[in-house]
2 protein chains.
Amino acid sequence: MTLTFEERRQMAQDTYAAYLAECPARQLLDMFSTKWTTLVLYQLNDGPLRHSELRRRIPGASQKMITETLRSLERDGIIVREVKQVYPAHVEYSLSPLGESMLPIFSQMKIWAEQNMAEVERNRAAQAGG
Amino acid sequence: MTLTFEERRQMAQDTYAAYLAECPARQLLDMFSTKWTTLVLYQLNDGPLRHSELRRRIPGASQKMITETLRSLERDGIIVREVKQVYPAHVEYSLSPLGESMLPIFSQMKIWAEQNMAEVERNRAAQAGG
DNA sequence: CTGTATCCTCTAAGATACTG
DNA sequence: CAGTATCTTAGAGGATACAG
């Protein structure tokens, strides 16, 4: 039987999607690409923080997103959730060793961004102007 | 006048959104977070490529997304678009120096991913199992 | 305080058709 | 070959109310 170009392309897509799903770098990108992951990790870099403190430090995030981000990072073993049995009881989140091993990636991205995003901005502006 | 907590939080969100919009690292993350940016850059790392060649190498991407990604990267000055005036005429895309300066970030992410994503996977699986 | 649950919106991305 | 235009869809994220 004959397949149309689009049918063949669809098959390629499916195969490729499966391949992508297994690509470690792609998975890492997916972790980063959720809006609040990096901000939460960045805050936890300073030390353990409570849910409420995270909300205060990341006022742009809704409670839902804080919770979802924390759950996701916890599932991945990037952060550790610990219930402090003091009065009043509270919950603390901190980086796991695995989480700490990600920090150099952030610094490198930060450095590149600080050195080069201005040029990117200029390029964008230049396009807009003419 | 008195503001409710949510009103104050909304103001904080707006302020924070403005702050975030100016954060270079956040802008870089936004560039990476579109689905195809890194894949296109990764392909161009090997040398200049034509539109059709990019489609072949990234079969998961629709033509629209290839075009949009290329336009976006071109606007930012990350890649260069060049019309080759030979017969038959075609278009070539290549990394600019600015684009090449991003490559170390990719390698570092790739290395971390290859070394650690398996553990992340195990952590996820452990949660699912019990 | 630390969350869950629900509903809603908005946008990235896909499907499809068409053009120089 | 190298695109543009339009319609549709899936899912991330926000608003809000409620619960242990």
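Residues numbered from 1 in each chain as written. Chains lettered and ligands numbered in written order. Predicted model: local features only at pLDDT ≥ 70, side-chain atom pairs only at ≥ 80, totals over all residues. Heavy atoms only, no water.

1. Remarks on helix H5 (residues 63–75) of chain B
Residue and element names in this part refer to chain B.
Part 1 of the reasoning: With 13 residues, H5 should cover 18 Å at 1.5 Å per step; its first-to-last C-alpha distance of 18 Å lies within 8% of that length.
Part 2 of the reasoning: Considered for burial, the residues of H5 that qualify are Ile66, Thr69, Leu70 and Leu73. The buried side chains of H5 occupy one side of the element, clustering within an arc of 100° when seen end-on.
Part 3 of the reasoning: Where H5 is buried, its residues touch helix H3 (37–44), helix H4 (51–57), strand S2 (79–84) and strand S3 (90–95).
Part 4 of the reasoning: Gly77 sits one or two residues past H5 and shows a positive phi near 80°. (Helix = DSSP H or I, 4+ residues; strand = E, 2+ residues; numbered from the N terminus. Expected span 1.5 Å × (residues − 1). Buried < 20%, exposed > 50% of the residue type's maximum accessible area, 1.4 Å probe, protein only. Arc of directions from axis to C-beta. Contact = heavy atoms within 4.5 Å.)

2. Description of the protein's contact with DNA strand C
Part 1 of the reasoning: Neighbouring residues of DNA strand C: 18 residues in total, closest Gln63, Arg81 and Tyr93 of chain A together with Lys35 and Lys64 of chain B.
Part 2 of the reasoning: The sugar-phosphate portion of DNA strand C accounts for 61% of its atoms within 4 Å of the protein, the bases making up the rest.
Part 3 of the reasoning: At 2.9 Å, a side-chain N or O of Ser52 of chain A approaches a phosphate oxygen of DNA strand C.
Part 4 of the reasoning: A distance of 2.3 Å separates a phosphate oxygen of DNA strand C from a polar atom in the side chain of Arg81 of chain A.
Part 5 of the reasoning: Within the residue set of the surface near DNA strand C, elements represented by two or more residues are helix H1 (5–22), helix H4 (51–57), helix H5 (63–75) and strand S3 (90–95) of chain A together with H5 of chain B.
Part 6 of the reasoning: For the surface near DNA strand C, the element with the highest residue contribution is H5 of chain A, accounting for 4 residues.
Part 7 of the reasoning: Tallied by class, the residues present in the surface near DNA strand C amount to 4 nonpolar, 8 polar and 6 charged. (Near = heavy atom within 4 Å. Polar contact = N/O pair within 3.5 Å; in protein donor to acceptor, adjacent residues only side chain to side chain. Nonpolar A, V, L, I, M, F, W, Y, C, P; charged D, E, K, R; others polar.)

3. Quick look at the sheet that holds S2 of chain B
Residue and element names in this part refer to chain B.
Part 1 of the reasoning: Across the sheet, which stays open at both edges, the 3 strands sit in the order S1-S3-S2 with antiparallel pairing between neighbours. Both edges of this open sheet fall to strand S1 (49–50) and S2, since each of them pairs with a single strand only.
Part 2 of the reasoning: Summarising the sheet, S1 and S3 pair through 2 bridges and their orientation is antiparallel. Looking at S3, one finds that Arg50 is bridged to Glu92.
Part 3 of the reasoning: Strands in contact with H3 are S1, S2 and S3; relative to S3, the strand with the most contacts, it is inclined by about 95°. (Pairing = 2+ DSSP bridges. Axes fitted to C-alpha atoms, helices over the stretch in contact; angles between N-to-C directions.)

4. Re the environment of Pro104 of chain B
Residues and elements named next belong to chain B.
Part 1 of the reasoning: On the secondary structure map, Pro104 appears in helix H7 (residues 103–129).
Part 2 of the reasoning: For Pro104, a relative accessible area of 41% gives the class partly exposed.
Part 3 of the reasoning: In sequence terms Pro104 and Ser52 are 52 residues apart; their C-alpha atoms lie 27 Å from each other.

5. Here we look at the packing of aromatic side chains
Residue and element names in this part refer to chain A.
Part 1 of the reasoning: By the definition in use, this model includes 2 aromatic pairs over all chains.
Part 2 of the reasoning: Between the aromatic rings of Phe32 and Phe106, the centroid separation amounts to 5.3 Å while the plane-to-plane angle is 40°, which identifies the pairing as tilted. Of the two residues, Phe32 is situated in helix H2 (residues 24–33) and Phe106 in helix H7 (residues 103–129); the sequence distance between them amounts to 74 residues.
Part 3 of the reasoning: Judged by relative accessible area, which is 14%, Phe106 ranks as buried. (Phe/Tyr/Trp six-rings, centres within 6.5 Å; stacked < 30°, edge-to-face > 60°.)

6. Some words on the confidence of the model for chain A
Part 1 of the reasoning: Confidence in the prediction of chain A, expressed as mean pLDDT, is 88, and 89% of residues score 70 or more.
Part 2 of the reasoning: Per-residue pLDDT, averaged within each element of chain A, yields its smallest value for H1 of chain A (72) and its largest for helix H6 (residues 97–100) of chain A (97). (pLDDT = per-residue confidence, 0-100.)

7. As for the protein's contact with DNA strand D
Part 1 of the reasoning: Near DNA strand D you find 19 residues, and of these Lys64 of chain A together with Gln63, Arg71, Arg81 and Tyr93 of chain B are the closest.
Part 2 of the reasoning: Here DNA strand D approaches the protein such that, of its atoms within 4 Å, sugar and phosphate make up 62%.
Part 3 of the reasoning: Within the contact set of DNA strand D, a phosphate oxygen lies 3.0 Å away from a side-chain nitrogen or oxygen of Ser52 of chain B.
Part 4 of the reasoning: Residue Gln63 of chain B places a side-chain N or O atom 2.3 Å away from a base nitrogen belonging to DNA strand D.
Part 5 of the reasoning: Where the surface near DNA strand D is concerned, the elements lending two or more residues are H5 of chain A together with helix H1 (5–22), H4, H5 and S3 of chain B.
Part 6 of the reasoning: For the surface near DNA strand D, the leading source of residues is H5 of chain B, giving 4 residues.

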